[in-house]
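Residues per chain, in single letters:
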Amino acid sequence: MRAILAHSGVHAQSRKFDISMSGLIVGDHDGTRTLHSSGTWSHAVVRVLSGMKERMGTVQHDEQGGIRIQAMSKREWLNFVDRLIKENEGEVIGVRARGSRFQYAPLESAEELRLDYDVTILPPKKYLLPTHEDLMTFDISKPFEVLANIDEGKRILLGVHPYDVLAIQQMDEIYLGTHRDEHYDARRKNTIIIASDILNVSERSFAGSLGTHVVETGFDLLVTDLGDTVAVTIGSEEGKRLLDTHSETREATLEEKKHVKRLRKELPSRYARKLKVDKYMWQKLLEENYDHPIWEENSKKCLQCGSCTLVCPTCFCYDVDDVMSLNLKEGRRVRTWDGCLLRDFTRVAGGEIFRENIKDRYRHRYYRKGLYLPMRNGFVACVGCGRCATQCLPDIADPCEIMNTLASFSMHEKVNFPIPDVKVAGVEEGLLIPEPATILRKERQTDMETLYEIRPDSGRRLEYRPGQFVEVSIFGVGEAPISIASSPGRDTFELLVRRIGHVTTKLDTMKVGEKIGIRGPFGNGFDVSGIAGRDILFISGGCGLAPTRSLIEYVLENRGDFGKVTILYGCKEPGAVLFGNDLQEWSRKNDVLVKKTVDQCGEGECWDGEVGLITTLIPPLDFDPERTISIVVGPPVMYKFVISELKKKEVPDENIVVSLERRMKCGVGKCGHCQMNGIYVCLEGPVFRYTDVKDMPEAF
Amino acid sequence: MGRDIDIEVRHLTRVEGHGNIYLNARSGKVEKVLWEVDEAPRFFEAMVRGKSYHQLSHITSRICGICSISHSLASLKATEAAMGVEISKQTELLRRLALYGENLQSHTLHVGYLVAPDLLGAGSVIPLVKTAKEAVVKIVGLHRTANMLSEAICGRATHPITLEVGGFTEIPTERALLGMREELENAKGVCTDVAGVVLAHADRLPDFTRETEFIALTNDENYAFYDGDLGSTDGGRWPVEEYLSITNEYVVPHSTAKYTRHNRESYMVGALARFNLNHAMLSKEAMEVAGMFGLKPVCHNPFMNNVAQLVEIMDSLVDSIGIIDELLDRGLEEESGEIEVRAGRGVGAVHAPRGLLIHDYTIDGLGNCTKANCIIPTNQNHANIQKDMEELAPAIIDKPAKEIELTLEMLVRAYDPCISCSTHYIDVNFR
Amino acid sequence: MKPRVAFFDFASCEGCQLQVINLEEKILDLIDVVEVVSFREAMKESSDDYDIAFVEGSIMRPMDEERLKRIRKNARILVALGACACIGGVNRLRNEWSVDEVKKEVYDEADIEGNRLFDVFPTKAVDEVVDVDFRIPGCPINREEFAKVVAHLAIGKEPRLPSYPVCVECKKNENICVFELGKFCLGPVTRAGCNAICPTHGDGCEGCRGYLDDPRMEAAKDVLRKYGVSFDEMMKRFNMFNYRKGAI
């Protein structure tokens, strides 16, 4: 374990991950992401398969240009493994029997290694992204003595099958491609992979149909058990060093090389499960079958136990929570595996569950694997290991069966799920460790909401765009995403917080001068330059005024750059009005029109606005639909009705901008909770052009 | 002196379950002294009717949280006897370890957490954390070791998971047993230290003797925790199947309580009974602990039950190490066998920490229980507690009321009553 | 100020309070951050002045109800401890028969008429008598979860139980699914938080932590039928801790 003092702001080592990732990336790889519209991705997958070679370095070749294969006797192989265990090359993790099945576990002797296994219960991923991991430890009696736990222990993974090697490469792309995850990075760099060719095929695997039964790169060594001898393909300099140091090998004979080749060639025919449709067709099938009856039918049988995602080598979603020890001093921020099949996966602090329908959760997993991730990253997030199918008690989790069904009975009603092209700004390093910040001012707005003025202790100015959000940390309690409510360009920023979950309830009890943690800013804000010169119509409901205020202030500070400015605000009742002073101040301006309304107003309550839903403010409004950009932010239920009123005014879709709420946990597109079809709201959102999301089934 | 004294201890503390003590004396003469149990009845014998043979130990384990392993094992033995299921030597050895784990836990809890405060003049172990931290830390450590042993064998210290009809759902690894062996070795020294702490305050244990009968399992091979015949200090040895003629449950005319009696009007079970009957089977180390306190068979001072528990802690540690060595010597083996459902009746007896525990089941041809009876250690002791009180109270009636109250409390606590157990089906009411 | 904590028990085996003692060395932390004012199983002192009441056990008699209502009145926060308190647990098994019938089975001819100690009604969980603020389920409770709840209450973070089934923890433990071993398991419909302790030790889940808020009962029964579990067997297993809780 390596300790990092968070407040130092300096990580113990600044390292550049030097492994070339280009093989896995679709399109250009200059740090930005391009729009992967549906037409381009199958080409991308071809690139993935051909471009992986650089991943682990260079495979050694012989003089004739063929791949160099070494060989040794079985006894020498066992000696080699025993030496690895004894010679302090790191913890040797190999495949061992667990009852009638297999698992990766520390090896005590070479005898325990079972290269004849079919598949392990959990993938080797558990040594790169553990089921439970302390991201950091802290002592709340000494604010911000936060120690990041970075596991730099050396490990050798022994016996990794090709499909799992490929799955690890996918994990690398997710965790190291953009927004490098330091915890994963440390483990990955210190892990040596000794892969093994498949000797026995797992009953539910269909790797043969996906081409994931063999692998050419992504390992340090690849062994093939030939019975009396073992052939070894060298995949990296480190692999060669291990082999040279701890074993005596000779060049494989021609016969042995042929044997290896034959084994790999014959392997696909040994799979009982076969895809009837090429994997390049998955995306098309899914685009055309969003409403296929199989989702409803199968979801009725689904236990919602999450097993399919938990045993998957390519699933990478996680949850994070703080755990306090009983002495109320030490605490840990713990990352655990999570899965999109579980009901609360999309639950936000207010209680809303965005994928509440079981059918939607059941379907989401297939779309993520077969459509959304391929669009984002260029690979099908399934390597055909069959673990999900093996573990699913009702037997409805098998991608092979689903794709075969869709292929034989397709609906042909195409739905598009484009991912908006957003240049992701903001932090790339030290993503998970919050920086300390101080509460400078607290201003109670309503019973439930309070405005906080915050300043980072480092003195750095938070560079953000209106509409972006930060993750607020309270050690021992957890993290919550909060929109920034103030205009950028100052040394401090403001957050409007509704007391509704763990973090916000605790924050409510904190005093001026106390410290919180901040990560961010995250997400995509309002395109301030894109709307310059236009009339702006702000339509905000409830807490939606918080991010809107950031933009309103910006617009008013740069008043000359914009045309007419109209602000519509609605909330439940007079007592729930937010930013009352600001509303008053804005309405005093000659060049701003402010209209406000409440859903209901009790008798005798003091209220100088309208009474009625916010939608009632739109029809009487006089504005030029072509010139006006409408900024719509409010509770989920509001959008449909407001947009329908705007459409009656003939506002074109491209003039509407929305900001959507989802469960934004990590802020960097990894934990998976905020996903809305193929979109990560924490990356491409929360601010969206309406045209980008209007056809997303999960958007509104 | 001729004082009037009225003592009422509602819900006696630092015992398992709810019990009350009443004493009324007029003009220095005890008119009434009562040990009353005020725990809600739970009707386990009624509940298990119709349940499958494989559920019985899981349900009856819930009779008592402190002696759930004993209940599970008595239940399994009764079920296996009824259906004619044989168990392996390995299973027997592992089960004995499980029983020792529980015995160590229960005795440490009792002597360390419940009795020690009386000896050290505190209301509970909490103030002792400040005044006698070193002793408390040792006791806590011993308690942890005990639970580790139960967890290693049963998967969980309370309400065991792995114990099943015919054997185990999971057996410990050799590595785990080796680790446990080391823990137990270290615990021997801790046990001696704890005994030393008790010895330093042993003068607080009243010197009170009332002759009674002691009943316990007994055999010719070991200290008879897991198996044996029924034995009595008044002489005699009977197979457990004849338990009904020993325990002789009867109903007191003026109350609803079922009492037990054998040769005399009451008898005692528990650590002191086992010591009195089976002392010859104790290890050298355990006898040394007995020697520290001058405990010799046959001892009729119920307060010495606390000391007998200390002796048993040492013996359980020593014998557990022996069993682990035997298991490692034999090599551990995954065992599996089909259970054949068969109708029949079976009696299973083990020693719970508090004494003789018997389950008696009748099982039908479908493997369902049709009739159950459980004889609980504390039930067997209730009458003896009452008789002791009746003799002890007049002897101390001239002492200050607070001291009388404390002494009566200490008497009940010495029996380590497990009231949840004893009221698994019945309430004892002396009024 | 340290929160004042009290423990109470009703019809139960007191095994859940034992888990508090089984925190071993961590008890020293516990008594450091809260003030334990009543804990009959372990201490002599007691007080009616407390903030948090932990209540173990089921409610069986009118006299228990009265006592429980007094506790509710005194406590700012009432936490139900264990299966007996949270869902009735095994105590509920006797509700299959009438009170008179079970009394006759156990006491036979003994005269218990009119004795208030025997004035029992069908077993109730604590929340069938008073409002419960939080629950720590399980038979027995998981002491780690207890420690977590106490820590949360003490720092003002609302304790929340897992909303996912035992399978999640079981998979993370890399267990062989007990269905594969030919055993019965309620893991798919039972609330996690026990770290799948029973399947991890080779036994099926018995449902002691109660069902999820939205258990997939029909899907679970389909699976059980697929594995050849008879209706009778299913009924016995479902009923063990969750007697007639909507399952069958």
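Look up a bit, the structure's there.
What comes next is a walk through the structure. Computed from a prediction, not measured in an experiment: that's the story for all the values here.

The rules behind these values
Here the residue numbers are simple positions, counted from 1 along each chain's written sequence. Going through the entries in the order they are written, you letter the chains from A and number the ligands from 1. Per-residue local features of the predicted model are confined to residues with pLDDT of at least 70, and side-chain atom pairs are confined, for both listing and counting, to 80 or more; whole-chain, interface and lining totals are unaffected and use all residues. When DSSP finds at least two bridges between two strands, those strands are taken to pair. Note on conventions: DSSP H or I runs of at least 4 residues are helices, E runs of at least 2 residues are strands, and numbering of each starts at the N terminus. Fitted lines through C-alpha atoms serve as axes, helices being fitted only where they are in contact, and the angles separating the N-to-C directions of these axes extend from 0 to 180 degrees. It is the C-beta atoms, placed from the backbone, that decide contacts: two residues are in contact if theirs lie within 7 Å. Residue polarity is assigned by list, with Asp, Glu, Lys and Arg as charged and Ala, Val, Leu, Ile, Met, Phe, Trp, Tyr, Cys and Pro as nonpolar; anything else, Gly included, falls into the polar class. A set of buried Ala, Val, Leu, Ile, Met, Phe, Trp, Tyr and Cys residues, joined to one another through C-beta atoms within 7 Å, is what we call a nonpolar core. Buried means a residue has 20 or more other C-beta atoms within 10 Å of its own C-beta, exposed means 12 or fewer, and partly exposed covers the counts in between; C-beta atoms are placed from the backbone.

## Some words on the pairing of strand β13 (residues 435–444) of chain A
All names here are of chain A.
Stage number 1. By the bridge criterion, four bridges tie β13 to strand β18 (residues 515–522) in an arrangement that is antiparallel. By the bridge assignment, Thr 438 is partnered in β18 with Lys 515.
Stage number 2. Pairing analysis gives seven bridges linking β13 to strand β14 (residues 449–456), with the strands arranged antiparallel. The partner of Ile 439 across the bridge, within β14, is Ile 454.
Stage number 3. Hairpin connection between β13 and β14: a loop of four residues separates the two successive antiparallel strands.

## Overview of the sheet that holds strand β4 (residues 132–139) of chain A
All names here are of chain A.
Stage number 1. If you trace the four strands from one edge of the open sheet to the other, you get β5-β4-β12-β11, paired in antiparallel fashion. Among the strands making up the open sheet, the edge pair consists of β5 (146–148) and β11 (318–324). Strand after strand, the sheet turns through a mean of 20° between neighbouring axes, direction not considered.
Stage number 2. When β4 meets β5, the two strands line up antiparallel, connected through three bridges. Bridging from a neighbouring strand, Thr 137 pairs with Leu 147 of β5.

## A short note on the interface of chain B and chain C
Stage number 1. Each partner contributes to the interface: chain B provides 50 residues, whereas chain C provides 50 residues.
Stage number 2. Those elements that provide at least two residues to the side of chain B that touches chain C are α1 (44–47), α2 (56–60), α4 (89–119), α5 (125–131) and α6 (133–154) of chain B.
Stage number 3. When residues in the side of chain B that touches chain C are grouped by element, the largest group, four residues, is from α6 of chain B.
Stage number 4. Residue classes in the side of chain B that touches chain C are distributed as 19 nonpolar, 20 polar and eleven charged.

## Structural notes on the nonpolar core
Stage number 1. Ile 194 of chain A, Val 311, Ala 349 and Ile 358 of chain B together with Ala 53 and Val 55 of chain C are the most contacted members of the largest nonpolar core, which has 414 residues in total.
Stage number 2. Ignoring any residue separated from it by four or fewer positions in sequence, one finds Ala 53 of chain C in contact with Ala 6, Phe 8, Ile 71, Ala 75, Leu 78 and Val 79 of chain C.

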